[in-house]
Amino acid sequence: MKKNINKLAAICLTGAMVIGTAGCGNSGSKEPATDTNSETGESTQQAEVAEEPAAADDTASDAAGDGEKISITMSTYLTNDSQRAPLLEYVGGAINEKFPNVDFEFKIYSDRQNMFVEVAGGAGPDILDLDGPTDVVEFADAGKAVDLTPYAEQYGWDSVISEWAYNTSVYDGKLYSMPAGFEGMGMYYNLGVMEEHGWSIPSNLEELESLMEEIKGAGLIPLSFGNANYQGAVDHLYSTLLSCLSGPDVVKQAINGEIKFDDPKMVASIEKLKEWWDKGYIMDQASQTVTQDDQLAFLADGRAVMSICGTWWGPQIVQTFPDCNWTFELMPVLNEEAGPIFPLAVGESYAVNANTQHPEICAEILNFLYTDMDTFYTAVNNGAIQPFPIEAFDFEKLEGMDEKVLHMNEVMGEASADNIIGYCSWSFWPSDARTYMNENFDAVLLGSLTPQEYMANTQQYIDEGLEEGSTPILP
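Observations regarding the pairing of strand 8 (residues 178-190)
Taken residue by residue, a regular strand's side chains alternate between the two faces of the sheet. Along strand 8, 13 of the 13 residues are buried, which leaves the element largely enclosed by surrounding structure. Both strand 8 and strand 12 (residues 342-352) contribute to a ladder of 6 bridges, which runs antiparallel. Residue pairing in the sheet places Gly184 in a bridge with Leu344 of strand 12. Relative to strand 10 (residues 304-310), strand 8 is paired through 5 bridges, and the arrangement is antiparallel. Looking across to strand 10, one finds that Met185 is bridged to Gly310. Bridging between strand 8 and strand 11 (residues 326-329) involves 4 bridges; their strand directions are antiparallel. What sits directly across from Tyr189, in strand 11, is Thr327.

Concerning the packing of aromatic side chains
This model, assessed by the stated rule, comprises 27 aromatic pairs. Taken together, a centroid distance of 5.2 Å and an interplanar angle of 65° make the contact between Tyr188 and Trp313 edge-to-face. Placement of Tyr188 in strand 8 and of Trp313 in helix 14 (residues 313-320) is noted, with a sequence separation of 125 residues between them. Note on Tyr188: relative accessible area 0%, which makes it buried. Taking the relative accessible area as the measure of exposure, Trp313 reaches 4% and is therefore buried. Ring geometry for Phe376 and Phe388: centres 5.2 Å apart, planes at 55°, overall tilted. Here Phe388 lies in the loop between helix 16 (373-381) and helix 17 (403-417) and Phe376 lies in helix 16, a separation of 12 residues in the sequence.

Notes on the confidence of the model for the chain
As a note on interpretation, predicted positions should not be read in detail where pLDDT is low. For the chain, per-residue confidence averages 86 on the pLDDT scale, and residues scoring 70 or more make up 85% of the total. In this model, residues 1-7 is a region of pLDDT below 50 whose contacts with residues beyond four sequence positions or in other chains number 15 contacts. Here residues 9-23 is modelled with pLDDT under 50, and outside its nearest four sequence neighbours on either side it reaches 28 contacts, counting other chains as well.

Some words on the nonpolar core
In this structure, Trp157, Tyr238, Trp276, Met306, Tyr370, Trp429 and Tyr454 are the most contacted members of the largest nonpolar core, which totals 128 residues. Considering every element that reaches this core, the biggest residue donor is helix 15 (residues 359-371), with 8 residues. Beyond its immediate sequence surroundings of up to four residues, Tyr370 is in contact with Val160, Ile161, Met178, Pro179, Ala180, Tyr350, Phe388 and Ile390. In terms of nonpolar packing, the next biggest core, distinct from the first, is built from 15 residues, Tyr109, Met115, Phe116 and Ala351 among them.

Focus on the pattern of salt bridges
One pass over the structure, following the stated rule, counts 10 salt bridges. Taking the shortest distance from any N to any O, the salt bridge between Glu275 and Lys272 comes out at 3.3 Å. Of this pair, Glu275 and Lys272 both sit in helix 12 (residues 264-278), 3 residues apart, which is roughly one turn of the helix. Given the relative accessible area of 14%, Lys272 is considered buried.

Rules behind the numbers
- Residues numbered from 1 in each chain as written.
- Predicted model: local features only at pLDDT ≥ 70, side-chain atom pairs only at ≥ 80, totals over all residues.
- Heavy atoms only, no water.
- Buried < 20%, exposed > 50% of the residue type's maximum accessible area, 1.4 Å probe, protein only.
- Helix = DSSP H or I, 4+ residues; strand = E, 2+ residues; numbered from the N terminus.
- Pairing = 2+ DSSP bridges.
- Phe/Tyr/Trp six-rings, centres within 6.5 Å; stacked < 30°, edge-to-face > 60°.
- pLDDT = per-residue confidence, 0-100.
- Contact = heavy atoms within 4.5 Å.
- Core = buried A, V, L, I, M, F, W, Y, C linked by side-chain atoms within 4.5 Å.
- Salt bridge = Lys/Arg side-chain N within 4 Å of Asp/Glu carboxyl O.

Below, the structure written as structure tokens:
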């Protein structure tokens, strides 16, 4: 039995005890149960599971013909008011306006595990906002994600979504999610601190390492990083170094089984991260006690000068640290042969909860979000969502947003257009391979596991993914 199934099976036992018979929203007459968020104190209403699934012709336009609205919820983890407000206004508002017979709302979670427990117990939001395609695999394996293939055929999603992103969302020959949050990894710089010390943005590995040594000598942190509240954040580091230092062609060969993960070119990237850690370049060897929010705060207030992170940070910096003078750029060229690289990812995936009573309505709502371009551009320009990987998206139509966020999106768009892309683990690794690397990377930094052993151990999960056909298709 696969590791992910074991994990969800354990969650199921907990969820069954915690949730009981509560389920996704429906339009029946039973009294809904109120679920209160532990951090914000906010609540949404969640009705009990209906005894029979919704009819096949159940749509947002006719499902509530008797005037009673159908409740549809969607998960979100944006517990900060400033981050959440655009989502509620420009996405939630647009959905409720488009579908007057639907009462749509976001269900706020401070901890993803809480949502996992609810889904495993037979409840949870109707639409699940997951971290990416590899997370979706876990839900699909456990029978907790709806097969969206019939809806993809109905709405023609294969021509709406960019081919590379659509392929990442296909598992075992079926589409289990809609790829959202087109994103990638690069370097953030605190320009205020850089200018104060007369430092320039490095263009290559030699300049980067020289700058990190100068920053450390000045009593500052070269690279802010933290994974105390989310161990898996380490994949931001190894995905970036593998893509930019080992090179995307080497990574693709390793994922596809043409070379081994412990090939010297692959191991070299993990060795480089270990070297940076040993020299105190990465959070001065304190990342296990620093949260991701702290990681951002260290950069924003100038205690750290640089940070390797994803494009999702841009709007968050503007909203949370409006006075910070920052920029996002591609990583310095770490491998002259590979050149500049933009590690690419699907950062979010929208899956439909198998517990929902209204999969057709969920699919109709998702289709609206991906095809109504006026709503889409409004949401992106106002910071409600990141760009989706859809064929019709035009980066030149981004306007009205913060100049630094606009520049970040332009960097992302140019890199994609130039096809200088690398591969992030949460989109392109087999799920179990990513899980192993995330759970054991700290052991490499702390010296209890060598980079060679770490990558050799990963290979067994790569082999399993290839054997089972669960390895994502790499562009």
